[in-house]
Amino acid sequence: MIQLTLNINLANMKSGGMLDIFEDKIVGIADMPTSGTVLIMQGGGTLPVRETKDDVINKITAAQASVAKTMKET
């Protein structure tokens, strides 16, 4: 699971709120000129986040490495 920052207001969550997202639910990442980085989620949903595309990719890679390390240790 990775933690990202919401870049827009949603019904019950303000911009700047922290999101915990399962990295395997992200199917794409796009850099949009007006809304910044947008995650494309399973089912076609999108979430604008404050982190850059590279930041998101680095967080996904770190989370996957952590899981792989944990699996190797058990």
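For the structure, see preceding data.
Residues numbered from 1 in each chain as written. Predicted model: local features only at pLDDT ≥ 70, side-chain atom pairs only at ≥ 80, totals over all residues. Heavy atoms only, no water.

Quick rundown of the side chain of Thr5? Include the residues and the values.
Here Thr5 lies in strand β1 (residues 2-5). Thr5 gets classed as buried once you look at its relative accessible area, which sits at 12%. At a separation of 2.8 Å, a polar atom in the side chain of Thr5 contacts the side chain of Glu51. Contacts of Thr5, omitting those with residues within four sequence positions, involve Gly16, Gly17, Met18, Pro48, Val49, Arg50 and Glu51. (Helix = DSSP H or I, 4+ residues; strand = E, 2+ residues; numbered from the N terminus. Buried < 20%, exposed > 50% of the residue type's maximum accessible area, 1.4 Å probe, protein only. Polar contact = N/O pair within 3.5 Å; in protein donor to acceptor, adjacent residues only side chain to side chain. Contact = heavy atoms within 4.5 Å.)

How would you summarise the side chain of Glu51 if you had to cite specific residues and measurements?
In this structure, Glu51 sits in the loop between β5 (46-49) and α1 (53-73). Buried charged residue Glu51 carries no salt bridge. Nearest counter-charge: Lys59, at 4.4 Å. Not counting residues up to four positions away in its chain, the partners in contact with Glu51 are Leu4, Thr5, Thr37, Val56 and Lys59. (Lys, Arg positive; Asp, Glu negative; His and termini not counted. Salt bridge = Lys/Arg side-chain N within 4 Å of Asp/Glu carboxyl O.)

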